[in-house]
Amino acid sequence: MTMRTDLLIDGTWRGGSDGDRIPVLDPATGEELAVVAAGTPADAVAACDAAAEAQRLWAATAPRVRAEVLRSCWENLVDHTDELGDLITREHGKPLADAKGEVAYAAEFFRWNAEEAVRIRGSISEAPAGTNKIIVRHPPMGVVVIVTPWNFPAAMITRKLAPALAAGNACVIKPPKETPLTALRVGDLLGEAGLPPGLVNIVPTLDSGSWFDAAVDHHATRMVSFTGSTEVGRVLLRRSADRVLKTVMELGGNAPFIVFDDADLDAAVEGAMVAKMRHSAETCTAANRFYAEAGVAAAFTAKLGEAMAAVKVGSGLDDGVSCGPMINRDAVESIDSLVGQAVAAGASATVGGSPIDGPGFFYQPTVLGNVRPDSPITRHEIFGPVAPVIPFTDTETMIAQANDTEMGLAAYVYTADIGRGLQVSERLESGMVGLNRGAVSDPAAPFGGMKQSGLGREGSTEGIYEFTETQYIATNW
Ligand code: SIN
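Presented here is an overview of the structure given in this document. (Residues numbered from 1 in each chain as written. Predicted model: local features only at pLDDT ≥ 70, side-chain atom pairs only at ≥ 80, totals over all residues. Heavy atoms only, no water.)

Residues T366 and L368 line one face of strand β17 (residues 366–369) and the alternating positions V367 and G369 line the opposite face, and both faces are buried. Examined bridge by bridge, strand β14 (residues 348–351) and β17 share three bridges and lie antiparallel to one another. By the bridge assignment, A349 is partnered in β17 with L368. With three bridges connecting them, β17 and strand β18 (residues 386–392) associate as parallel partners. Across the sheet, T366 pairs through a bridge with V386, a residue of β18. (Buried < 20%, exposed > 50% of the residue type's maximum accessible area, 1.4 Å probe, protein only. Helix = DSSP H or I, 4+ residues; strand = E, 2+ residues; numbered from the N terminus. Pairing = 2+ DSSP bridges.)

Here is the structure:
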């Protein structure tokens with residue numbers, strides 16, 4: 001395994017300008033895995049300078065050539081699935097199968113956007129007055145600042161990076177301090193695949209605020225793309241407003257998972273396990289509140305309990321483990337506090353309900369029955385292996401409760417009546433709905449949220465246009 005532990009700026013590896021290092025922990029043991037160079041504001045500026053220089057040539061490179069480089073990036077990431085999967089599991093903790101799945105997902109953004117790079121469409125039309133033509137084109141933004149979370153150490157970078165590069169931009173990336181190793185190795189592999197130096201600069205830091213200020217204030221920066229909490233997103237939006245930067249924000253979620261009486265219960269439980277537990281239950285799209293119609297609430301809770309009780313928790317490197325550690329001790333404490341509040345308000349933990357002792361940061365897969373609709377756990381993103389089940393009798397009331405949140409990222413509906421499923425889906429204030437499906441993520445689909453879950457979309461044919469300007473030329477000929 002190759003571990004890169006320095007900053008990647010202008011295609012070269014260098015230490016941070018004040019010599020600080022970031023300890024990276026293995027969350028399965030709490031032990032130090034590596035120390036990584038910590039970037040300073042001056043390093044962020046150097047990265048923006050390098051990106052600005054590289055971007056000029058890249059923007060002038062033929063789309064077909066850009067597409068071919070991106071396709072090589074896809075191939076090289078796929079060729080390193082085992083190595084990257086191993087690295088993701090070591091620094092994030094998720095089971096190896098999920099980690100390798102993440103590599104395939106991450107790489108796919110390069111293949112998809114290699115195909116999109118040659119299909120950025122403008123238009124030409126007649127001005128209604130008949131006086132001239134209206135030509136519309138989509139040039140790149142310039143330098144894009146990318147800030148990513150720890151829950152998908154590879155894919156949350158590539159979902160932004162691949163369309164940004166396809167459209168002709170250069171990027172400066174701040175990976176999270178918890179999982180910088182995967183980010184740095186991804187940058188390395190993209191260089192090996194033929195991506196010119198300076199287009200991808202990766203600068204982890206211990207001082208996110210000053211780093212971001214420096215990157216945002218750089219004259220060449222034109223855009224910020226962020227995935228993370230709504231709370232941090234608001235701060236970055238305010239700061240980006242100082243330079244009127246374009247922003248794409250993928251923020252927090254609070255997904256309802258709705259099971260109607262007529263649903264195929266086994267399929268609903270299987271979908272619930274995917275929606276709740278994929279990637280150790282640390283996803284923004286994770287089912288956060290399970291609304292089960294009264295006729296199936298008890299059976300659904302029991303079957304979900306059996307499935308959760310069968311989950312093997314442990315180091316993601318061990319065979320058969322399907323739930324790894326949480327990212328750190330604070331995460332375990334926050335999950336436990338939400339469970340405690342739900343139980344104090346009358347819910348019962350039918351399975352689990354406690355942290356797991358020992359080294360590492362583990363929480364028991366937990367099902368909470370009879371949760372009150374207004375319990376704090378229904379209002380907060382759990383980001384852990386806890387499934388609160390809320391029985392319902394009236395569909396209108398349930399839809400109102402499902403929508404009674406400032407978040408609107410993902411939602412899930414299970415019913416045998418596809419007409420009802422579509423009607424309910426249309427009324428849910430969520431950017432993405434899984435109808436009889438527990439996973440919504442797909443590089444070919446527009447990922448993003450309504451309300452305070454975000455701005456803009458990533459993936460699909462829409463994703464690449466987020467990284468472009470729109471220029472219109474009023475033309476006489
Ligand atoms: C996220 O948790 O932010 C991303 C989830 C996904 O892409 O599936």
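Here we come to the pairing of strand β20 (residues 432–435). Residues in a regular strand project their side chains so that they alternate between the two faces of the sheet. Here β20 shows a buried face lined by M432 and G434 and an unburied face lined by V433 and L435. Bridge analysis of strand β19 (residues 410–414) against β20 gives four bridges, and the strand direction is parallel. Looking at β20, one finds that Y412 is bridged to G434. The parallel pair β19 and β20 is bridged by helix α13 (residues 418–427), and the resulting crossover is right-handed. (Right-handed = clockwise from strand over helix to strand, strands pointing away.)

Here the focus is the site of the ligand. Neighbouring the ligand are Y105, N151, F152, M156, R159, T227, R278, T283, C284, T285, S441 and F447. In the environment of the ligand, an oxygen atom lies 2.7 Å from a nitrogen or oxygen atom belonging to the side chain of Y105. Measuring from an oxygen atom of the ligand, one finds a side-chain N or O atom of R278 at 2.9 Å. Calculation on the ligand without its partners gives an accessible area of 250 Å², and the protein chains cover 99% of this total. Residue composition of the shell around the ligand, by class: five nonpolar, five polar and two charged. Three or more residues apiece are contributed to the shell around the ligand by two domains, here domain 1 (7–251 + 453–475) and domain 2 (255–442). (Near = heavy atom within 4 Å. Polar contact = N/O pair within 3.5 Å; in protein donor to acceptor, adjacent residues only side chain to side chain. Areas by Shrake-Rupley, 256 points an atom, 1.4 Å probe, with all protein chains shown as cover. Nonpolar A, V, L, I, M, F, W, Y, C, P; charged D, E, K, R; others polar. Domains from an automatic or database assignment.)

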